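Single-letter residue listing:
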Amino acid sequence: MTDAPRTRLHVDSPLAEGQAVGLDHERAHYLRHVLRLDKGAAISVFNGKDGEWLAVIDGFGKGWCSLTVTTQRRPQQDGPDVWLLFAPIKRGRIDTVAEKASELGAARIWPVFTRHTDPHRVNLDRLRANAVEAAEQCERLTVPDLPDPVALDKALAAWPEGRVLFLCRESGAAQPIAEAVRAHAGRPAAFLVGPEGGFAKAELDDLGKLPFVVPVGLGPRVLRADTAAFAALACWQALAGDWTAGGADARPPFRSY
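Quick notes on the rules
Just so you know, the residues in each chain are numbered from 1, in the order the chain's sequence is written. Per-residue local features are limited, in this predicted model, to residues with pLDDT of at least 70; the limit for side-chain atom pairs, both in listing and counting, is 80 or more; totals at the level of whole chains, interfaces and linings are taken over all residues. Values shown for side chains rest on all heavy atoms present in the structure; no hydrogens or waters enter the calculation. To count toward a patch, a residue needs a relative accessible area over 30% and no salt bridge; like charges are then connected within 9 Å, while nonpolar side chains (Val, Leu, Ile, Met, Phe, Trp, Tyr) are connected within 5 Å. Accessible areas in this description were obtained via Shrake-Rupley with a 1.4 Å probe; residue shielding takes into account the shown protein chains only. Here, a salt bridge means any side-chain nitrogen of Lys or Arg that lies within 4 Å of a carboxyl oxygen of Asp or Glu. Helix and strand assignments come from DSSP, with helices taken as H or I runs of at least 4 residues and strands as E runs of at least 2, each series counted from the N terminus. When DSSP finds two or more bridges between a pair of strands, those strands are recorded as paired. Axis angles are defined between N-to-C directions and span 0 to 180 degrees, where every axis is a line fitted to C-alpha atoms and, for a helix, only to the segment in contact. We call two residues contacting when some pair of their heavy atoms lies within 4.5 Å. When describing relative orientation, an angle under 35 degrees is termed roughly parallel and one over 145 degrees roughly antiparallel, while 65 to 115 degrees is termed roughly perpendicular and anything else oblique. Put simply, Ala, Val, Leu, Ile, Met, Phe, Trp, Tyr, Cys and Pro go in the nonpolar bin, Asp, Glu, Lys and Arg in the charged bin, and everything else, Gly too, in the polar bin. Residues grouped as a nonpolar core are buried Ala, Val, Leu, Ile, Met, Phe, Trp, Tyr and Cys residues, joined through side-chain atoms within 4.5 Å. The rule is simple: take the accessible area with a 1.4 Å probe, protein chains only, and divide by the maximum for that residue type; under 20% is buried, over 50% is exposed, in between is partly exposed.

A. Representation of a nonpolar patch on the surface. A contiguous nonpolar surface patch, about 240 Å² in accessible area, is contributed by Y30, V34 and L35. Here V34 lies in helix 1 (residues 25-34).

B. Quick look at the sheet that holds strand 2 (residues 20-23). Within the open sheet, the five strands sit side by side as 1-3-4-5-2. Their pairing is mixed. Since the sheet does not close on itself, it has two edges, and those belong to strand 1 (8-10) and strand 2, each with one partner. Geometrically, the sheet is characterised by an average inter-axis angle of 40° between neighbouring strands, direction not taken into account. Taken together, the five bridges between strand 3 (residues 42-46) and strand 4 (residues 52-61) define a ladder with antiparallel strand orientation. Within the sheet, the bridge partner assigned to S44 lies in strand 4 and is L54. Against the sheet, helix 1 touches strand 1, strand 2, strand 3, strand 4 and strand 5 (64-74), its axis set at about 90° to strand 4. Contacts from helix 3 (residues 124-138) reach strand 1 and strand 3 within the one sheet, and its direction differs from that of strand 1 by about 140°.

C. Examining the packing of helix 2 (residues 93-103) against helix 7 (residues 225-240) more closely. Here helix 2 crosses helix 7 at 5°, and the two axes come no closer than 10 Å. Between helix 2 and helix 7, the angle is such that the two are roughly parallel. Contacts between helix 2 and helix 7 involve R93, T96, V97, K100 and A101 from the former and A225, D226, F230 and L233 from the latter. Split by residue class, the contact of helix 2 with helix 7 holds five nonpolar, one polar and three charged.

D. Examining the sheet that holds strand 12 (residues 213-217) more closely. As summarised here, the arrangement of the seven strands in space is 8-7-6-11-9-12-10, forming an open sheet in which the pairing is parallel. The two strands at the open ends of the sheet, each matched to only one other strand, are strand 8 (150-151) and strand 10 (175-176). Pairing of strand 10 with strand 12, which is carried by two bridges, proceeds in the parallel orientation. Residue Q175 lies in a different strand from strand 12, and its bridge partner there is V216. Lying on the sheet, helix 7 is in contact with strand 6 (82-86), strand 9 (164-168) and strand 11 (189-193); it crosses strand 11 at an angle near 160°.

E. Expanded view of the environment of S44. Summarising the element assignment, S44 is placed in strand 3. The spatial distance from the C-alpha of S44 to the C-alpha of D206 is 47 Å, given a sequence separation of 162 residues.

F. Main features of the nonpolar core. Counting residues in each nonpolar core, the largest one holds 33 residues, and the members touching the most others are L84, F166, F191, V193, V216, L233 and W236. Of all the secondary-structure elements, those providing two or more residues to this core are strand 6, helix 2, helix 3, strand 9, helix 5 (177-183), strand 11, strand 12 and helix 7. Tallying contributions element by element places helix 7 first for this core, with seven residues. Those residues in contact with F191, other than ones at most four positions away along the chain, are V82, W83, L84, L85, L165, F166, C168, I177, V181, A232, L233 and W236.

G. Fine view of the pairing of strand 11. By the criterion of burial, strand 11 is predominantly enclosed, with five of the five residues buried. Residues A189, F191 and V193 point to one face of strand 11 and A190 and L192 to the other, with burial holding for every one of them. Across five bridges, strand 6 lies against strand 11 in parallel orientation. Opposite L85, over in strand 11, you have L192 as the bridge partner. For strand 9 and strand 11, the ladder comprises four bridges, and the chain directions are parallel.

Shown next, in the form of structure tokens:
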């Protein structure tokens with residue numbers, strides 16, 4: 001396998017041998033003035049559909065950069081089928097949720113509004129940018145889906161059949177997360193993490209009536225909302241996700257030293 005360059009970008013264009021790809025001003029500036037790459041330099045590109053490819057910089061212009069796709073590095077593979085639903089939290093920490101959930105392999109990162117959610121606005125473009133940057137850096141072949149924020153009850157009303165929803169509860173009846181994840185291994189999964197003020201009692205009562213909801217506990221300490229999201233995803237990956245999918249060694253394919 002040919003060594004891959006360290007620079008890796010997500011693009012929207014189709015990828016195939018000989019395909020030309022144009023980059024916008026922001027990406028062109030990043031390659032030329034931040035990384036100081038020049039014509040002829042190789043980078044890796046992926047689009048979430050066609051695998052990962054090597055591409056060569058053809059040239060730069062005022063506000064643009066052109067690439068030519070050369071050799072496929074990796075064929076497209078589906079990522080783990082786990083979602084994260086979370087109540088939006090304050091700026092900075094919500095950006096970290098998008099970044100770390102992307103690194104942890106979440107296929108969907110979905111802000112949902114609960115009764116105690118504060119703030120009530122979400123900069124989805126910024127969240128998507130953080131998720132894309134994390135996907136580029138962690139060498140995943142896909143970028144998480146980030147749907148428009150909705151009220152929790154609307155998300156639940158359209159819940160897909162067969163997907164288990166693990167409700168992260170601070171108190172009340174719940175299974176230990178490891179026990180619950182093992183019991184539902186092999187199923188499409190999602191985690192729901194509440195706001196900093198916790199779920200309202202009425203929300204917990206309504207959630208408890210849904211057959212696809214499984215309450216889980218995250219241990220004896222009260223975790224902040226963002227910490228709970230990362231802990232839940234990490235537990236799922238270790239027990240039912242792709243952290244063991246490669247057998248004895250499931251580490252990134254380009255790390256040979």
